[in-house]
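Coordinates in review
The primary structure of each chain is shown beneath.
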Amino acid sequence: MGKRRCVVAALAAIMLMMELAALTVAENRRSMLSNGLGMTPPMGWNSWNHFGCNIDEKMIRETADALVSTGLSKLGYEYVNIDDCWAEISRDDKGNLVPKKSTFPSGIKALADYVHKKGLKLGIYSDAGYFTCSRRMPGSLGYEEQDAKTFASWGIDYLKYDNCNNDGSKPTQRYPVMTRALMKAGRPIFFSLCEWGDMHPAEWGAPLGNSWRTTNDISDNWESMISRADQNEIYAEYARPGGWNDPDMLEVGNGGMTKDEYIVHFSLWAISKAPLLLGCDIRNMTRETMDIITNKEVIAVNQDPYGFQAKKVRMEGDQEIWSAPLSGYKIAVVLLNRGPVRYSTTARWDDIGLDPKTVVQARDLWEHKTLKTTFVGNLTATLRPHSCKLYVLKPIA
Ligand SMILES: *[C@@H]1O[C@H](CO)[C@@H](O)[C@H](O)[C@H]1NC(C)=O
Ligand SMILES: *[C@@H]1O[C@H](CO)[C@@H](O)[C@H](O)[C@H]1NC(C)=O
């Protein structure tokens, strides 16, 4: 008996040691990108969704100005990210990337200085191929260290790294080269892998980047938006502080969806711990757009320190319940009606990980009110077509 117990104890000790060893390996792998960034999902703006290649330094400066004057920067929107088309098609005779003279005549360093003076951060874009997706500027394949040094010397804070026009090798071969280059460049730079989800980057992205795209590019319509939320949800368990699933940038404010649909868009991105990168013209927003993107309580769900990405916990036809635990024993819940008609939808406690007898207080984050009654066992809401409710539930007994 004593001997068997001893063997069992020894086995348990060995298993514990193996677990610790595995953890250490995981830590070492993570430390390939030990930049300390992205402890919560990044927030800011990116030029692509609204402007495409139609960008210049004046517009970028005006956007930085607007992020501050609208109060968005105070809410956490800090990255000003330049997407494709900022450079000349040819490198200089030393092989350096050259900011496009016609649109960025003052250079990127001057722009970074301007943005930094406002308390914001500057992001830039390159590609793990010979050309970027626009084919209007070079990619960084074969120039990773040189470009990373250039970005660091300019004061860049964020790099979105696309996957177009590459040499046909796997992204798992090309992306780590830039990770290492950034680590050697001497400046913490948030690294956003834009591999479009082809080779399931959630499964290998954490040691390499601070976020990884799980989807193809979003467009400004309901089908595109909701399908990206779906594809991104599959990888929920991979999200964590320092590394996030990325279903692409926000379309809120670009005009292709209804107010209810944009609220669904913002709610699902928030609860999914997605990067909150605005994609509209910050200099010219409607009141409605501002109301959506400045909802502090929804932003707080996104920025919760635990970093648990929401999962779909129930699907019945067009009705879905998405939920994620928050810090402080709270739970964020989205009740979603994807269908074309009004519908009464119920979130059940056993679906969202609460004991059925738990009494909760419910805060409606879009109505900005705590509901008068408490709830036991479930919560029901009637939803307009293509709309949702976002509640934070707080157990009180
Ligand atoms: C501002 O936005 C409105 C639509 O909301 C648009 O009609 C107008 O052209 C925009 N103005 C500028 C200067 O872009
Ligand atoms: C919701 O819970 C109440 C009890 O609090 C129960 O009477 C009702 O049947 C439940 N509804 C659903 C749809 O589960």
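Everything that follows concerns the structure shown earlier in this document.
Here the structure is a predicted model, which is why all the values come from computation and not from measurement.

Another aspect to go through is the site of ligand 2. Around ligand 2, the structure places T346, V376 and N378. Between ligand 2 and the protein, one listed contact pairs an oxygen atom with a backbone N or O atom of V376 at 3.2 Å. The separation between an oxygen atom of ligand 2 and a polar side-chain atom of N378 is 2.3 Å.

The tally for this structure, following the rule as stated, stands at 2 disulfides. Put simply, C53 and C85 are joined by a disulfide, and their sulfur atoms are 1.8 Å apart. Placement of C53 in the loop between α2 (48-51) and α3 (57-69) and of C85 in the loop between β2 (79-81) and α4 (107-117) is noted, with a sequence separation of 32 residues between them. We classify C85 as buried; its relative accessible area is 4%. In this model, C133 is linked to C164 through a disulfide, with the two sulfur atoms separated by 2.0 Å. Handedness of the C133-C164 disulfide follows from its S-S torsion of about 95°: it is right-handed. Residue C133 is located in the loop between β3 (121-127) and α5 (144-154), and its partner C164 is located in the loop between β4 (158-162) and α6 (171-184); the two are separated by 31 residues in the primary sequence. Classification of C133 by relative accessible area gives partly exposed; the value is 33%. Each bonded cysteine in the protein chain gets a number by its place in the sequence, and the pairs come out as 1-2, 3-4. With no disulfide partner, C194 has as its closest neighbouring cysteine sulfur the one in C133, 6.9 Å distant. Taking relative accessible area as the criterion, C194 reaches 1% and is therefore assigned buried.

Over its 13 residues, helix α8 (residues 259-271) extends 18 Å from the first C-alpha to the last, a length consistent with the 18 Å expected when each residue adds 1.5 Å. Within α8, 12 of the 13 residues are buried, which leaves it mostly tucked inside the rest of the structure. Every buried residue of α8 is listed here: D260, E261, Y262, I263, V264, H265, F266, S267, L268, W269, A270 and I271. K273 lies just past α8 and shows a positive phi near 55°.

Rules used in this analysis
Residues numbered from 1 in each chain as written. Chains lettered and ligands numbered in written order. Predicted model: local features only at pLDDT ≥ 70, side-chain atom pairs only at ≥ 80, totals over all residues. Heavy atoms only, no water. Near = heavy atom within 4 Å. Polar contact = N/O pair within 3.5 Å; in protein donor to acceptor, adjacent residues only side chain to side chain. Disulfide = S-S within 2.5 Å. Helix = DSSP H or I, 4+ residues; strand = E, 2+ residues; numbered from the N terminus. Buried < 20%, exposed > 50% of the residue type's maximum accessible area, 1.4 Å probe, protein only. Expected span 1.5 Å × (residues − 1).

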